[in-house]
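Each chain is listed here by its residues.
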Amino acid sequence: MTTHAQGLRFEHRGVVPRVHPTAFVAPTATLVGDVRIGPRARVMYGAVLDAEGSRVEVGEAAVVCENAVLRASAVAADQPVLVGDHVFVGPHATLLGCTVERACYLAASVSVLQEAVVGTGSVVAVAALVHTRTVLPPEYFVPPYTTALGDPVRLLAPGDPGMPEAIGRLGFAGTAFGVDASWTDRVARHERIAEVRSAEFGAHLEDRAVAD
């Protein structure tokens, strides 16, 4: 089987991914739309970088490990995924419309949600969550399986009784989907969220594979 160092690339909304010639993108990694891979960056097998109507940028010598998902959006606002130089993104990590500043370490299975900022030199340990619009100061440490939320940031352990109220105050549905988070009818809210993403992802019907 012939392999190449630019992955599976798709033109999306008229924009083609761009990969620096010194970067490596595994043949089973997928780049969709306005994705920009910097010098000496490494995007490993099974990773998906999807710009939607915004953009995904991966900085110099940054590493995106196996099966990570980096997805931008422009539904509620312009929410690019910006990964700085020398950032390590672990296997199965999920980055949605967020900013990760330079020299951060994101371990396996972490999630960083829309409009969050991970400050320079920070560590987000295994399976931790950085919630919507949360700002981590430089060199901050989020312990394993912990939720970081707010600005200023606070840490909540699994099962903390204050978790539902704290998350409710963040306005996640509005930030991520442009959906009124105050709705009390969960079924109607979840239907609306699915409709929003269905419409957004419908643009992929026009995607075109990019040849080498």
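For the structure itself, look to the data block above.
What comes next is a walk through the structure.

1. What to know about the pairing of strand β1 (residues 6-11)
By the bridge criterion, four bridges tie β1 to strand β3 (residues 24-32) in an arrangement that is parallel. By the bridge assignment, Gln6 is partnered in β3 with Val25. By the bridge criterion, two bridges tie β1 to strand β23 (residues 208-209) in an arrangement that is antiparallel. Bridge pairing in β23 places Phe10 opposite Ala209.

2. Overview of the pairing of β3
Counting buried positions over the nine residues of β3 gives seven, a clear majority of the element. Relative to strand β5 (residues 42-43), β3 runs parallel, the two being bridged by two bridges. Its bridge partner being in β5, Phe24 is matched across the sheet by Arg42. Alignment of β3 against strand β6 (residues 48-50), held across three bridges, turns out to be parallel.

3. So, helix α3 (residues 186-201)
Since one α-helical turn is 3.6 residues long, residues separated by three or four positions face the same way. Taking 1.5 Å per residue, 16 residues should reach 22 Å; α3 reaches 22 Å between its end C-alpha atoms and fits that length. Along α3, the positions that sit buried rather than exposed are Arg189, Ile193, Val196, Arg197 and Glu200. Along the long axis of α3, the arc covered by the buried residues comes to 90°, so they all point the same way. Turned more than 90 degrees off the buried face of α3, the exposed positions are Val187, Glu191, Glu195 and Ala199. Next to the buried residues of α3 lie α2 (172-177).

4. Describing the environment of Gly59
Position of Gly59 relative to the elements: it lies in the loop between β7 (56-58) and β8 (63-64). For the pair Gly59 and Tyr45, spaced 14 residues apart in sequence, the C-alpha separation works out to 18 Å. Setting aside chain neighbours within four positions, we find Gly59 in contact with Gly38, Pro39, Ala41, Val83, Gly84 and Asp85.

5. Focus: the side chain of Thr146
Secondary-structure assignment places Thr146 in the loop between β20 (141-142) and β21 (147-149). By relative accessible area, which is 9% here, Thr146 ends up buried. Within the structure, the side chain of Thr146 is placed 3.3 Å from the backbone oxygen of Pro143, a separation counted as a polar contact. Apart from residues no more than four positions distant in its own chain, Thr146 is found in contact with Ala128, Leu129, Leu155 and Leu156.

6. Some thoughts on the sheet that holds strand β16 (residues 117-118)
Paired through backbone hydrogen bonds, the strands of a sheet run either parallel or antiparallel to each other. Judged by pairing direction, the sheet is parallel, and its seven strands sit side by side in the order β2-β4-β7-β10-β13-β16-β19 without closing on themselves. The open sheet has two free edges, formed respectively by β2 (18-19) and β19 (135-136), since each of these has just one partner strand. Sheet analysis places β2 next to strand β4 (residues 35-37), joined by two bridges and oriented parallel. Bridge pairing in β4 places Val19 opposite Ile37.

7. Focus on unusual backbone geometry
Residue Pro152 follows Asp151 across a cis peptide bond; omega there is 10°. Along the chain, Pro152 falls in the loop between β21 and β22 (154-156). Of note in this structure, Ala61 is not a glycine but carries a positive phi near 55°. Relative to the helices and strands, Ala61 resides in the loop between β7 and β8.

8. As for the side chain of Thr175
Structurally, Thr175 can be placed in helix α2. Only 3.2 Å separates the side chain of Thr175 from the side chain of Arg133, close enough to count as a polar contact. With near-sequence residues (within four places) excluded, Thr175 lies in contact with Ala76, Gln79, Gln114, Glu115, Thr132, Arg133 and Leu170.

9. Re the packing of aromatic side chains
Tallying each qualifying case throughout the model produces three aromatic pairs. Taking 5.7 Å as the distance between ring centres and 90° as the angle between the ring planes, the aromatic pair formed by Phe172 and Phe177 counts as edge-to-face.

What counts and how
- Counting restarts for each chain: residues are numbered from 1 in the order of the written sequence.
- A pLDDT threshold of at least 70 governs which residues receive local features in this predicted model, and a stricter bar of 80 or more applies before side-chain atom pairs are shown or counted, although totals over entire chains, interfaces and linings include all residues.
- Hydrogens are left out, water is left out, and the side-chain values use all remaining heavy atoms of the structure.
- Two strands pair under a simple rule: DSSP has to find at least two bridges between them.
- A helix here means a DSSP run of H or I that spans at least four residues, while a strand means a run of E at least two residues long, and both kinds are numbered starting from the N terminus.
- Buried residues are those whose accessible area, probed at 1.4 Å on protein chains only, stays under 20% of the maximum for their type, while exposed residues exceed 50% and partly exposed ones sit between those limits.
- Multiplying 1.5 Å by the helix residue count minus one yields the expected span of that helix.
- Working definition: the arc comes from the directions between the helix axis and the C-beta atoms, pointing outward to the latter.
- Any two residues whose heavy atoms approach within 4.5 Å are treated as being in contact.
- Any pair of nitrogen or oxygen atoms within 3.5 Å is treated as a polar contact; in protein, a donor-acceptor pairing is required on top of that, and neighbouring residues in sequence qualify only through side-chain atoms on both sides.
- Between rings of Phe, Tyr and Trp, where Trp is taken as its six-membered ring, a pair exists when centres lie within 6.5 Å; planes separated by under 30 degrees are stacked, by over 60 edge-to-face, and by other angles tilted.

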